Amino acid sequence: MRHLLKVILFVALFALCHSYSFNDEESLHNVTFPATYDRNLRPGENRSIPLQVNVTFYFKSIKDFDESVSKFSITGALGISWFDHRLTWDPAMYGGDLWETVIPQRKVWIPFLVNMLMYDAISEIGHIDMNLRLASNGLISWVVPNLFESTCDPDLSYYPFDTQTCILRFYIPGFLQTEINLMAPRGTMDMAEYSKNSLWDVTETKIYTTTNNLKLQEAVMSVTMKRRPVYYISSLLLPVAFLSFLQLMAFLMPPECGERVGFGTTVLLAVAVYLTLIQDKLPEGSEPSVAYLSYKLLGDFMVGVVMTVGIIVALRFYNREDTIEIPNYLKTFHKIVLGPRMCGFCAAS
């Protein structure tokens, strides 16, 4: 029991001797941020060595992907870290364990990241009132949650069984790669907090750096996602298949009922409605081609027009008097379509 009390007393004394106070942290901030600190100058004591800025992304969710206007938006947090040689201290001078502190974003130099594929007007990443963490060795860790939007041209050739890849491209205006070097240590997005989307499944994410034609270095973040086709199969593909089957049923209706033309026209209008819905959903242009489903619906519409015209012509000849001779051009057309063997009645007529 006496030994246990000695251990507890030692731990308590150690905690009292090695814990920083409010005055220690206040003194640290006053010393670390003097009036001479210029937040407009990038860190780096040796200006011949570029400042390394590490970039990662914490993926939260897919907010929207509107193919008609080529708009892609996701929610998440951009994680950025770098060293500032001007913001270092010895923890032993501030209570012994003041290894990190929280500072406002507006007090330090931060990399001004801009999305090259912005959908709306240019806007700053982060907010002036946000905080970041500063370590005693000068390491600054900045996590910026936001709604990130970009333009994304879809390839809808196999819609609704398509796979899309959309990217975010960030760069720091005004700085060359010899001054700031962007790095992507992870290579992929952090998916630990990701929430699944009802329409899209994320299959792959990438983070890498590249240099564009303007000699500017970019941090590229790509998201590859596959559409979930269950909704589109039940609400689009199956109804279209049933409509195609109904078009053939018009020829099974007896001519005496008088509803052949009305039935064919109704099915034709239904196909036209689905064709309009597809055109409103999809963009006017798609690389490398528009959706094959659009061609299929257009083909169904053309077949429906031909079938409706054929029904009208067939009913016209069905209801004409038997004494009227069949015109020669119809006899010739009949021979071409069905062949001479099927046209023995033509010679008799």
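Structure: see above.
Since this is a predicted model, take the numbers as computed values, not measurements.

Even after reading the chapter, I still don't get helix H4 (residues 260-281), so can you show me in this structure?
Every α-helix winds through 3.6 residues per turn, so residues three or four apart in the chain are directed the same way. With 22 residues, H4 extends 32 Å between its outermost C-alpha atoms, agreeing within 8% with the 32 Å of an ideal straight helix rising 1.5 Å per residue. Listing the buried residues of H4 in full gives Arg260, Gly264, Val267, Leu268, Val271, Tyr274, Leu275 and Ile278. Looking straight down H4, one finds its buried side chains confined to an arc of 120 degrees; they lie on one side. Turned more than 90 degrees off the buried face of H4, the exposed positions are Thr266, Leu269 and Asp280. Contacts from the buried residues of H4 go to helix H3 (230-249) and helix H5 (292-318).

When you look at the sheet that holds strand E7 (residues 163-171) in this model, what are you seeing that I'm missing?
Backbone hydrogen bonds are what pair the strands of a sheet, in a parallel or an antiparallel way. Spatially, four strands are ordered E4-E7-E10-E9 in an open sheet, and the strand pairing comes out antiparallel. The open sheet has two free edges, formed respectively by strand E4 (114-115) and strand E9 (200-211), since each of these has just one partner strand. Bridge count for E4 against E7 is two bridges, and the pairing is antiparallel. From the neighbouring strand, Asn115 faces E7, where its bridge partner is Phe170.

When you look at the environment of Tyr20 in this model, what are you seeing that I'm missing?
In this structure, Tyr20 sits in the loop between helix H1 (2-17) and helix H2 (22-32). Looking at Tyr20, the relative accessible area reads 35%, which means it is partly exposed. Separated by 71 residues in the primary sequence, Tyr20 and Pro91 place their C-alpha atoms 9.1 Å from one another.

Got a minute to help me understand the side chain of Gln164 in this structure?
Along the polypeptide, Gln164 turns up in strand E7. Polar side-chain contacts of Gln164 include one of 2.8 Å to the backbone oxygen of Asp155. Once you skip the residues sitting within four places of it in the chain, Gln164 turns out to touch Phe65, Pro154, Asp155, Leu156, Trp200, Val223, Thr224 and Met225.

Just checking my understanding: could you explain the sheet that holds strand E3 (residues 100-104) for this structure?
Pairing is mixed across the open sheet formed by six strands, whose spatial order is E3-E5-E6-E2-E1-E8. The sheet is open, and its two edges are formed by E3 and strand E8 (180-183), each paired on a single side. Across the sheet, the mean angle separating the axes of adjacent strands is 30 degrees when strand polarity is ignored. Taken together, the 13 bridges between strand E2 (residues 71-83) and strand E6 (residues 139-151) define a ladder with antiparallel strand orientation. Its bridge partner lying in E6, Ser81 is registered against Ser141. Its contacts with the sheet place H2 against E3 and strand E5 (131-135), and it is angled at close to 60 degrees to E3.

Looking at this structure, I do not really get the packing of H3 against H4. What am I missing?
Two numbers describe a pair of packed helices, the interaxial angle and the distance between the axes. In the contact formed by H3 and H4, the axes pass within 10 Å of each other and the chain directions differ by 155 degrees. By the angle between their axes, H3 is roughly antiparallel relative to H4. H3 and H4 meet at a crossing whose hand is left-handed. For the pair formed by H3 and H4, the contact residues are Ser235, Leu236, Pro239, Val240, Leu243, Leu246, Gln247 and Met249 on the first element and Phe263, Val267, Ala270, Val271, Tyr274 and Ile278 on the second. Split into classes, the residues belonging to the contact of H3 with H4 amount to 12 nonpolar, two polar and no charged.

Quick question: what am I supposed to make of the nonpolar core here?
One recurring pattern in soluble globular proteins: nonpolar side chains tend to sit buried together. In this structure, Phe57, Phe72, Leu78, Trp82 and Met221 are the most contacted members of the largest nonpolar core, which totals 47 residues. Looking at this core, the elements with two or more residues in it are strand E1 (51-66), E2, E5, E6, E7, E8, E9 and strand E10 (217-227). Tallying contributions element by element places E1 first for this core, with seven residues. Beyond its immediate chain neighbours, meaning those up to four positions away, Trp82 contacts Pro43, Leu51, Gln52, Val53, Trp109, Ile110, Pro111, Gly138, Leu139, Ile140 and Trp142. With 14 residues, the next largest nonpolar core counts Leu243, Tyr274, Leu275 and Ile278 among its residues.

Help me understand the state of the cysteines, please; the structure alone is not making it clear to me.
Here a disulfide denotes a covalent bond joining the sulfur atom of one cysteine to the sulfur atom of another. Counting across every chain of the model gives one disulfide. The disulfide partner of Cys152 is Cys166, and the gap between their sulfur atoms is 2.0 Å. Torsion about the S-S bond of the Cys152 and Cys166 cystine: about -80 degrees, corresponding to left-handed handedness. Placement of the pair is Cys152 in the loop between E6 and E7 and Cys166 in strand E7, with a sequence separation of 14 residues. Cys166 shares its class with Cys152; the two are buried.

Calculation criteria
- Residues numbered from 1 in each chain as written.
- Predicted model: local features only at pLDDT ≥ 70, side-chain atom pairs only at ≥ 80, totals over all residues.
- Heavy atoms only, no water.
- Helix = DSSP H or I, 4+ residues; strand = E, 2+ residues; numbered from the N terminus.
- Expected span 1.5 Å × (residues − 1).
- Buried < 20%, exposed > 50% of the residue type's maximum accessible area, 1.4 Å probe, protein only.
- Arc of directions from axis to C-beta.
- Contact = heavy atoms within 4.5 Å.
- Pairing = 2+ DSSP bridges.
- Polar contact = N/O pair within 3.5 Å; in protein donor to acceptor, adjacent residues only side chain to side chain.
- Axes fitted to C-alpha atoms, helices over the stretch in contact; angles between N-to-C directions.
- Parallel < 35°, antiparallel > 145°, perpendicular 65-115°, else oblique.
- Left-handed = near helix turned anticlockwise from the far one by under 90°.
- Nonpolar A, V, L, I, M, F, W, Y, C, P; charged D, E, K, R; others polar.
- Core = buried A, V, L, I, M, F, W, Y, C linked by side-chain atoms within 4.5 Å.
- Disulfide = S-S within 2.5 Å.

Note that every value here comes from positions in space, so none of it alone points to a role or purpose.
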